[in-house]
Amino acid sequence: MKTKNIIRQIASIATLFAAWQILAVVVANPALPTPGSAFLVFFREISAGLWNHFLISGWRVLASILLSLLVGVPLGLWLGREEKYDRFFSPMLYLTYPIPKIVFLPLVMVLFGLGNFSKIFLITLVVFFQILVTTRDAARNVSPALILSVVSLGAKRRDIYRHVIWPAIIPDIFTALRIGSGTAIAVLFFAESIASSEGLGYYLMDAWSRYAYPEMFAGIIAMGVLGYTLYLTIDILDKKICSWKRL
Amino acid sequence: MTEQDHCVSEGASVTVRDLSFSYKSAEGRVDAIQGITFSIEKGDIYTIIGPSASGKSTLLYILAGLLPFASGEALINGEKPQPGRRATSLILQNYGLLPWKTVWQNVVLGMEIRRLPSSEIHARGEKILLEMGIAGTAKRYPAELSGGQQQRVAIARSLATEPDLLLMDEPFSSLDAYSRESMQEFLQEIQSRRGLTVILVTHGIEEAAFLGRKIIVFAGHPGFVRRIFDNPPAGAPEYRKNDAFFHLCTELRGAMELNREAGKIF
């Protein structure tokens, strides 16, 4: 069963590369190098600084996701369970949620400078909303019958959160994380591509401005690897923590 | 008071006098039950039967201390129901098992919430799993069990807190006919071994007749007690095949049909 899964994963990635190869041959333009040449440059570039950019970007994304969880989950729990506060905050949330947070980049840069913090802040702003809304909706929809059954066992507020609400929303948090990490990388690219000197976004824009297409693709591959690593980590944690969900 | 202090060898007595309950809804106040009066003695199974929305579950929630009532009286061993009354246990229709907890974690949940010492939690948990015949399922999740096994886990979780009053809201309604009968006999056995009082709400006429030492027939909306049947042979091994049993079922059906007609008049 396990080897079958691994074979399927490899086949999936191989198909992607085959399609890329065919496209590159058909297009026959230096702007689209073949996967072979892109990977050659990718491995060469890794020791020549790309690894560093990768680490910096990775740390920014990870810090943003953790920060979003730290703020978004408790806040979502609270709004999901306390209707009167939710009624006050909901309009605010719905008014600000759809705004593409990237438009605040100039403001964030003015307020927090050009360093790590402003980038992390911007990514957090985006991921935080997704986690907040998902957590709130999940907390709101926890089965009242389950809560009642635990109350009948003598549970106080704290027990209800610990034994019912918290475990009930964890699968939804993982879903939010999956969606959030994709968005996080997209925002990361944008934040790093402006007034920046490190990170994959910078690396990509720099390569582009030099028309160094194979390097650009090395950067794209690095971003793919970053996203893949994130998804894989989330999947492994999800399987470990929410094994009951797949029965 | 420690957990050992309360005696579990004896069930609780329940007295309900002129009890009414109404709740607020979008359409204003809705009366759920009106002027309910009955009393039951310690240590037997009592069944409540009646049409949907006649307030049967409401009564159980009141007895469990989950709904504060405004008028009338409900007493368990002479005291008002409290949400944390240690010796009352409620089993809901869909078992109320937490899907993210294993059988073991579900069974010990009530004891954990009551902050019992872990050695006692362990001892009691193992004993109750054996008694319920589900010791082999301890590490599995509720979703991996059959309906009958899930019901046993729910009963185990309730009994682990050593109640003297067990309230059950249509506990066997989602089981197939065979499992239902064997669970009824199982409940009967548990009850007589432990001597606790059980109040069981059901839709099934045969279930009410087989289990209920007294059968309380609810009617109407808001619900009231239409009739109380006395049923001394309840739970006897061959009772189901007995003429008296069929006779009682017919009488119960009659009382229920009266319900339906009453429904038309309302």
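Residues numbered from 1 in each chain as written. Chains lettered and ligands numbered in written order. Predicted model: local features only at pLDDT ≥ 70, side-chain atom pairs only at ≥ 80, totals over all residues.

(A) Region of interest: the overall build of chain A. Scanning chain A from N- to C-terminus turns up 9 helices and 0 strands. Taken from the N to the C terminus, the helices and strands of chain A come in the order α-α-α-α-α-α-α-α-α. Along the three orthogonal principal directions, the C-alpha set of chain A runs to about 70 × 55 × 30 Å. In chain A, buried positions account for 31% of the 247 residues. Restricting the contact set of chain A to residue pairs at least 6 apart, pairs at least 24 apart contribute 73%. (Helix = DSSP H or I, 4+ residues; strand = E, 2+ residues; numbered from the N terminus. Buried ≥ 20, exposed ≤ 12 C-beta atoms within 10 Å, placed from the backbone. Contact = placed C-beta atoms within 7 Å.)

(B) Representation of the packing of helix α4 (residues 105-112) of chain A against helix α5 (residues 116-140) of chain A in the model. Residue and element names in this part refer to chain A. Interaxial distance between α4 and α5 falls to 9 Å at its minimum, and their mutual angle equals 140°. Judged on the interaxial angle alone, α5 and α4 are oblique. Handedness of the α4/α5 crossing: right-handed. Here α4 contributes L105, V108, M109 and F112 to the contact with α5, which in turn contributes F117, S118, F121 and L122. Looking at the contact of α4 with α5, its residues break down into 7 nonpolar, 1 polar and no charged. (Axes fitted to C-alpha atoms, helices over the stretch in contact; angles between N-to-C directions. Parallel < 35°, antiparallel > 145°, perpendicular 65-115°, else oblique. Left-handed = near helix turned anticlockwise from the far one by under 90°. Nonpolar A, V, L, I, M, F, W, Y, C, P; charged D, E, K, R; others polar.)

(C) How the structure looks around the sheet that holds strand β8 (residues 214-219) of chain B. Residue and element names in this part refer to chain B. Reading across the sheet, the 6 strands line up as β5-β6-β7-β3-β8-β9 and stay open at both edges, with mixed pairing between neighbours. Among the strands making up the open sheet, the edge pair consists of β5 (88-91) and β9 (224-230). The sheet shows a mean angle of 15° between the axes of neighbouring strands, direction not considered. Across 4 bridges, the pairing between β5 and strand β6 (residues 165-169) is parallel. Bridged to S89 within β6 is L166. (Pairing = 2+ DSSP bridges.)

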